[in-house]
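Here's the letter readout for the chains.
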Amino acid sequence: MELRHLRYFVAVAEEGNLTLAAKKRLHTAQPSLSRQIRDLEYEVGVPLMERSVHGIELTAAGKAFLDHARLALAQADAAVEAARRAAQPARKTFAIGFQTGHEMNWLPRAMHVLRDELKNIQVTISSDYSPELAEALVRGRLDVAFLRAEPTFDLCYQVVDREPLIVLMPSDHRLTSREAIHPRELAGEIFIGGSNKATVLAAVTEDYLRRRGFDIKLDYGVDNLAMAISLVASTRGLALMPAYAKNLLPWSVVSRPLEGEPPTIDLVIGYNKANASPTLKLFLSRMDELIAGVSEQSG
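What counts and what doesn't
Residues numbered from 1 in each chain as written. Predicted model: local features only at pLDDT ≥ 70, side-chain atom pairs only at ≥ 80, totals over all residues. Heavy atoms only, no water. Pairing = 2+ DSSP bridges. Helix = DSSP H or I, 4+ residues; strand = E, 2+ residues; numbered from the N terminus. Right-handed = clockwise from strand over helix to strand, strands pointing away. Phe/Tyr/Trp six-rings, centres within 6.5 Å; stacked < 30°, edge-to-face > 60°. Buried < 20%, exposed > 50% of the residue type's maximum accessible area, 1.4 Å probe, protein only. Salt bridge = Lys/Arg side-chain N within 4 Å of Asp/Glu carboxyl O. Arc of directions from axis to C-beta. 1 Å grid on protein atoms, 1.4 Å probe; cavity = no way out; pocket = protein on both sides within 12 Å on 5 of 7 lines; lining within 4 Å. Points joined across faces, edges and corners; volume = space filled by probe spheres on them. Nonpolar A, V, L, I, M, F, W, Y, C, P; charged D, E, K, R; others polar.

**Student:** Explanation requested: the pairing of strand S7 (residues 191–194) in the structure shown.
**Tutor:** Moving residue by residue along a regular strand, the side chains alternate between the two faces of the sheet. Here two bridges tie S7 to strand S9 (residues 238–242), and the two strands are oriented parallel to one another. Bridge pairing in S9 places Phe191 opposite Leu238. The sheet contact formed by S7 and strand S8 (residues 220–222) spans three bridges and is parallel. Residue Gly193 lies in a different strand from S8, and its bridge partner there is Gly221. Taken together, S7, helix H7 (residues 199–211) and S8 constitute a β-α-β crossover, and its handedness is right-handed.

**Student:** What am I meant to see in the packing of aromatic side chains here?
**Tutor:** Here the distance between the centres and the angle between the planes together describe a pair of aromatic rings. Scanning the entire structure with this criterion turns up four aromatic pairs. Both rings, one in Phe9 and one in Phe65, keep their centres 5.1 Å apart while their planes meet at 80°; by these two values the pair is edge-to-face. Within this pair, whereas Phe9 is found in helix H1 (residues 3–15), its partner Phe65 is found in helix H4 (residues 60–86), the two being separated by 56 residues in sequence. The exposure classification of Phe9 matches that of Phe65, with both residues buried.

**Student:** What exactly am I supposed to notice about the pattern of salt bridges here?
**Tutor:** Side chains carrying opposite charge are able to pair once their charged atoms draw close together. Under the counting rule described, the total for this entry stands at 18 salt bridges. In this structure, Glu185 engages Arg174 in a salt bridge whose closest nitrogen and oxygen atoms are separated by 3.9 Å. Of this pair, Glu185 sits in the loop between strand S6 (156–170) and S7 while Arg174 is found in the loop between S6 and S7, placing the two residues eleven residues apart along the sequence. The salt bridge involving Arg211 is made with Asp207; its shortest N-O contact spans 2.9 Å. One end of the pair is Arg211 and the other is Asp207, both in helix H7 and four residues apart, which spans about a single turn. Three or more residues are tied together by salt bridges with common partners; here these are Arg7, Asp77, Glu135, Arg139 and Arg141.

**Student:** How do you make sense of helix H5 (residues 103–113) when you look at a structure like this?
**Tutor:** For an α-helix the count is 3.6 residues per turn, leaving residues at separations of three or four pointing the same way. Buried residues of H5: Trp106, Arg109, Ala110 and Val113, and no others. An end-on view of H5 places all buried positions within 105° of arc, on one side of the element.

**Student:** Help me understand the layout of surface pockets in this model?
**Tutor:** The computed volume of the largest pocket comes to approximately 1400 Å³. By residue number, the principal contributor to the lining of the largest pocket is H4, which donates seven residues. Broken down by class, the residue content of the lining of the largest pocket amounts to 16 nonpolar, eight polar and 16 charged.

Rendered as structure tokens:
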């Protein structure tokens, strides 16, 4: 079994489609990709995928194999990154990642926490979606990240904020006349929420609707906020998204709070427990200072 087999398998599993995975992720021919998947299944000894009307779906064995395949790939990439860092021991860097849209709130606070170290280190900043940030932490490409507590990655998390979910809608939607939206208003509307990749958002939304007694089916699952905003504008649907979305809305999309006590989604600091960076240790030791800054601003 080769690493490329694992990469091909993970790409197909995440895309749910052989053709899309071959063209979009792997830049290879679909027949060649199909052959590689068959070779992998032959070596494993059980079927990992099956075709359905919705595309490619994982078997029970495939779902079990997926988590281990991701971990194996992450560990291989981490080994490469560690070797490259070891080849440049004199270079002191500290890499911070932000879930796209949170930079404007959290970058100034993070830099304030690092104020005493800035003259001695090179800080690199990146912006991405939560699962990608978690993967970068596991692979050693980031030292710390502001993201969701992704359950499929072996990382340490500390909660820094709890964001309420809000309702996104087209700016000319009938519900814009309301000051707040009751969850029953979602029934009968095109409903947009987190996809299987945005597992944290999907779980929070499903739990909230179930506890309130509403059986509202998802029409579109999205991986990230940008996709949600685009679908709200194009399909005239409603979406439940974290409150930071208000910072990124175009004129065609507006937001309203939920009535009553809204569900919340945690924003966390994530890091790899195997990371021995002294700067990371310093950063984590000042978490109380960083969180206190949030309390002061909200007060």
